[in-house]
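Fold and contact review
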Amino acid sequence: MKSYRNNKKLTALLAGIVCYGLSATAAQAVMIDEDSPDAGELVSTAQDTTGVGASLDSISGSLINLGTTADPVDDVDLFKIMITDPAAFSVTVTASLSVNNDAMLYLFNSAGVQTLVDDDGSGGLLPQFDAGELTAAGGGAGDYFLAFTLFITNPDDVVSNPPTLASGWFRDPIPYQEGPYTLNLTGVSTAAVTPPVPEPEMLALFGLGLAGLGLARRRVQV
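The present account deals with the structure reproduced in this document. (Residues numbered from 1 in each chain as written. Predicted model: local features only at pLDDT ≥ 70, side-chain atom pairs only at ≥ 80, totals over all residues. Heavy atoms only, no water.)

1. A few points about the environment of Leu126
Secondary-structure assignment places Leu126 in the loop between strand S7 (114-118) and strand S8 (128-129). In sequence terms Leu126 and Ala103 are 23 residues apart; their C-alpha atoms lie 5.6 Å from each other. The residues contacting Leu126, other than those within four sequence positions of it, are Val93, Thr94, Ala95, Asn101, Ala103, Asp119, Asp120 and Gly121. (Helix = DSSP H or I, 4+ residues; strand = E, 2+ residues; numbered from the N terminus. Contact = heavy atoms within 4.5 Å.)

See the structure below:
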């Protein structure tokens, strides 16, 4: 009887190890990279990240030169996102732009009308949207367009109040610069993704757990 109880404890322990490994693998953050060669800058060409199934935690990309070395043209990266929790929606930026890391964030509703804009975040040159800002601006759940640009590149239709993306962008960056960035998100959803391939350490853990379960079962049968 004692051996049977010990085997039951071992079985439960090893089953827990396997379940923990599976849950740790499934809980990895969903991160999206900018499409190659470049995300679009209009509603019709924005990179689409929308969908329901997983929390979208970050988007990584690069601002590149759309012109020539002699006549550089600054980049605008526009992403279609699905905001599922407007009260929790936030965006913080990490970037390594070539001059002074001065950039801007824009959020447009599904019709391309500007809903939020930020330049200098909380005291620095990188912009951010804080939780609660979207609901304070009257925004609810749904599809939006999130833009990352240089300071100061604005929606071209500046005569409208609020501005819209109907006419594209007015470019006057101060200064012109390039470089990688990451937009860290909360309150945003994306399509369900294929689970990542388990790391070797996790595979070894699974194997150990399964082997232990088999051994415990054989002992119970004996």
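2. Examining the pattern of salt bridges
Counting across every chain of the model gives 3 salt bridges. When the shortest N-O distance is used, the salt bridge between Glu41 and Arg171 registers 2.6 Å. Separated by 130 residues along the polypeptide, Glu41 in the loop between strand S1 (30-33) and strand S2 (47-48) and Arg171 in strand S11 (residues 164-171) bring together distant segments of the chain. The partly exposed category is assigned to Arg171, whose relative accessible area is 27%. Taking the shortest distance from any N to any O, the salt bridge between Lys80 and Asp143 comes out at 3.9 Å. With Lys80 in strand S4 (residues 77-83) and Asp143 in strand S9 (residues 142-150), this pair connects stretches of sequence that are 63 residues apart. Take Asp143: its relative accessible area is 28%, and that puts it in the partly exposed class. In this structure, a network of salt bridges that share partners links the residues Glu41, Asp74 and Arg171. (Salt bridge = Lys/Arg side-chain N within 4 Å of Asp/Glu carboxyl O. Buried < 20%, exposed > 50% of the residue type's maximum accessible area, 1.4 Å probe, protein only.)

3. Considerations on unusual backbone geometry
Cis geometry marks the peptide bond from Phe151 to Ile152, where omega comes out at 0 degrees. In this chain, Ile174 is followed by Pro175 through a cis amide linkage whose omega measures -5 degrees. Mapping Pro175 onto the fold places it in the loop between S11 and strand S12 (179-186). Backbone geometry places Asn101, a non-glycine residue, at a positive phi of 60 degrees.

4. What about the environment of Ile152?
Position of Ile152 relative to the elements: it lies in the loop between S9 and strand S10 (153-157). Exposure remark for Ile152: the relative accessible area of 25% places this residue in the partly exposed category. In this structure, Ile152 is in contact with Met104, Phe170, Arg171, Asp172, Pro173 and Ile174, ignoring residues within four places of it in sequence.

5. Regarding the pairing of strand S5 (residues 90-95)
Pairing geometry for S5 and S12, over 6 bridges, is antiparallel. By the bridge assignment for S12, Val91 is matched with Leu185. As paired elements, S5 and S8 share 2 bridges and run antiparallel to each other. Looking across to S8, one finds that Thr92 is bridged to Gln128. (Pairing = 2+ DSSP bridges.)

6. Concerning the packing of aromatic side chains
Scanning all chains against the criterion turns up 5 aromatic pairs. A centroid spacing of 6.4 Å and a plane angle of 40 degrees characterise the contact between Phe89 and Phe129, whose relative ring orientation is tilted. Of this pair, Phe89 sits in the loop between S4 and S5 while Phe129 sits in strand S8, and the two are 40 residues apart along the sequence. The same class applies to Phe89 as to Phe129, namely buried. Their ring planes at 40 degrees and their centres at 4.4 Å tell us that Phe148 and Tyr181 sit as a pair that is tilted. Here Tyr181 lies in strand S12 and Phe148 lies in strand S9, a separation of 33 residues in the sequence. A relative accessible area of 2% means that Tyr181 is categorised as buried. (Phe/Tyr/Trp six-rings, centres within 6.5 Å; stacked < 30°, edge-to-face > 60°.)

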